[in-house]
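Listed below are the residues making up each chain.
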Amino acid sequence: MQNGMDRLREALRKAACVSVLTGAGISAESGVPTFRGADGLWENYNVMELATPEAFENDPELVWRFYNWRRSLISRLTFNAAHKALAELETRIPRFTLITQNVDGLHAKAGSRNILEIHGNLWKVRCVECSMIVLDHSPDMGHLPRCSRCGGFLRPHVVWFGESLDPDILQKSLDASRSCEVMITIGTSAIVQPAASLAMEARRSGALTAEINLERTGHSEFMDLVLLGKAGETVPGLLEGWS
Ligand code: BJW
Ligand code: ZN
């Protein structure tokens, strides 16, 4: 009788089209705090309350302080074995899409190429007036950064609660979920929509679905395979014995 890891390895080896959805848990072993874990607090603020347009409207300096703290922290961190293994998996599968909820940029740093960043990117900022998007890797953007073109306020180019996802990126994510033969979710609590529904879309379209997480989530009962363990140990295991 095959265990979950063996079944997933075999399915991956046969598949021509694979999609993966990652969440904060894949970067946890790099040192990036997750959102809903014990580390989901910053200076006693619930980070979920800072990731909203209302928080930015009420106190943009506070929100920028939070994002500058994260930029500074993440600029000192790097990818881990799970990010690296996904970049390697991509080279072995004809059609591979990596959908990530993470804004840290660590998948690209690890060498992944076909990435859909559905919640944006921490290293991009956007003008609230003229919408110009700029890539800026400064660990600290200052207390209230302004647009170089129109002088408007800049904000992080990320998706906050109540905001719509980029329709093009969302459509590509839905297409990748509906067309794949295997869909793996890694390190996500599967609470935040619409990301959480992507694995269900894949399942409805006939894909084998697998979840890799430290613990069971609200989605575990709907997944074909549930592999419990650290992403940094479990994801590299998918490549074992694959010459
Ligand atoms: C490990 C590990 C290790 C740890 N190895 N595993 C339908 C019903 C109800 C509400 C809604 C709905 N549709 C939309 C909504 C509203 C809302 C929503 O979903 N709310 C829920 C809370 C219910 N969604 C939205 O507002 C979205 N917009 C939208 O849908 O627009 C249309 C619309 C609006 C309003 C109403 C209706 C429709 C936008 C969502 C944007 C989310 N933004 C954030 C912040 C991004 C910017 C930033 O980073 O600063 O995205 S919130 C935060 O949550 C972040 C994450 O990407 C996201 C998901 O979190 P994730 O990645 O799952 O992390 P955690 O911490 O929750 O879980 C970590 C997991 O890892 C855990 O399971 C651990 O066990 C595991 N783990 N270490 C393996 N080593
Ligand atoms: Zn501007």
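Here, every reference points to the structure presented above.
Here is a short report on the structure shown in this document. (Residues numbered from 1 in each chain as written. Chains lettered and ligands numbered in written order. Predicted model: local features only at pLDDT ≥ 70, side-chain atom pairs only at ≥ 80, totals over all residues. Heavy atoms only, no water.)

Here's the deal with the overall build of the protein chain
Along the protein chain, the regular secondary structure elements total ten helices and eleven strands. The C-alpha atoms of the protein chain give a radius of gyration of 18 Å, which matches the 18 Å a tight globule of 243 residues would have. C-alpha atoms of the protein chain, sized along the principal axes, occupy 60 × 35 × 30 Å. Out of the 243 residues in the protein chain, the part that is buried amounts to 52%. Considering only residue pairs separated by 6 or more positions, the protein chain has 66% of its internal contacts joining residues 24 or more positions apart. Taking the average place of the 25 positive charges on the side chains of the protein chain and the average place of its 29 negative ones, the gap between the two points comes to 5 Å. (Helix = DSSP H or I, 4+ residues; strand = E, 2+ residues; numbered from the N terminus. Rg over C-alpha atoms; globule rule 2.2 N^0.38 Å. Buried < 20%, exposed > 50% of the residue type's maximum accessible area, 1.4 Å probe, protein only. Contact = heavy atoms within 4.5 Å. Lys, Arg positive; Asp, Glu negative; His and termini not counted. Charge placed at Lys NZ, Arg CZ, Asp CG, Glu CD.)

Observations concerning the sheet that holds strand β5 (residues 115–117)
Taken together, the six strands give an open sheet; going across it, the order is β5-β4-β1-β9-β10-β11, and neighbouring strands pair in parallel fashion. At either margin of the open sheet sits one strand with a lone partner, and together these are β5 and β11 (225–228). Each adjacent strand pair in this sheet contributes to an overall mean axis angle of 15°, direction not counted. With six bridges connecting them, strand β1 (residues 17–22) and strand β4 (residues 95–100) associate as parallel partners. In the strand pairing of β4, Ser19 is matched with Thr97. This element, helix α6 (residues 81–92), spans β1, β4 and β9 (182–186) of the sheet and lies at about 150° to β4. (Pairing = 2+ DSSP bridges. Axes fitted to C-alpha atoms, helices over the stretch in contact; angles between N-to-C directions.)

Description of the coordination of the zinc ion (ligand 2)
Protein coordination at the zinc ion (ligand 2) comes from Cys127 (SG), Cys130 (SG), Cys147 (SG) and Cys150 (SG), with a distance range of 2.3 to 2.4 Å. Seen from the zinc ion (ligand 2), its four donor atoms lie at angles of 96 to 118°, and the figure they make is tetrahedral. We note that the donor set of the zinc ion (ligand 2) lies within a single chain, spaced as C-x2-C-x16-C-x2-C. (Donors = N, O, S within 2.8 Å, 3.2 Å for Na, K, Ca; no water. Tetrahedral: all angles 85-135°; square planar, octahedral: opposite > 155°, others 65-115°.)

Overview of unusual backbone geometry
Following Gln193, the chain continues to Pro194 via a peptide bond in cis, the omega torsion being 0°. Structurally, Pro194 can be placed in the loop between β9 and α9 (198–204). You will see that Ser131, though not glycine, has its phi angle at about 70°, which is positive. Considering the arrangement of structural elements, one finds Ser131 in the loop between β6 (120–127) and β7 (133–135). The exposure class of Ser131 is partly exposed, given its relative accessible area of 45%.

Comments concerning the state of the cysteines
All chains considered together, the criterion is met by zero disulfides. Here Cys17 is not disulfide-linked; the sulfur of Cys180 is the nearest cysteine sulfur, at 5.7 Å. Taking the relative accessible area as the measure of exposure, Cys17 reaches 5% and is therefore buried. (Disulfide = S-S within 2.5 Å.)

Let's talk about helix α8 (residues 167–179)
The end-to-end C-alpha distance of α8, which contains 13 residues, comes to 18 Å, matching closely the 18 Å that a straight helix rising 1.5 Å per residue would cover. Turning to α8, its buried residues are Ser173, Leu174, Ala176 and Ser177. Around the axis of α8, the buried residues are gathered within 165° of arc, so they sit on the same side. In this structure, the buried residues of α8 make contact with β1, β4, β5, β9 and α9. If you check the start of α8, you find a side-chain oxygen 2.8 Å away from the backbone N of Asp168, and it comes from Asp166. (Expected span 1.5 Å × (residues − 1). Arc of directions from axis to C-beta. Polar contact = N/O pair within 3.5 Å; in protein donor to acceptor, adjacent residues only side chain to side chain.)

What to know about the environment of Trp64
Relative to the helices and strands, Trp64 is located in helix α5 (residues 60–75). Along the chain, Trp64 and Trp42 lie 22 residues apart, while their C-alpha atoms are 13 Å from each other. Setting aside anything within four residues of it in sequence, one finds Trp64 in contact with Phe56, Val125, Met141, Gly142, His143, Leu144, Pro145, Leu154, Arg155 and Pro156. Here Leu154 takes part through its backbone oxygen, which lies 2.9 Å from a polar atom of the side chain of Trp64.

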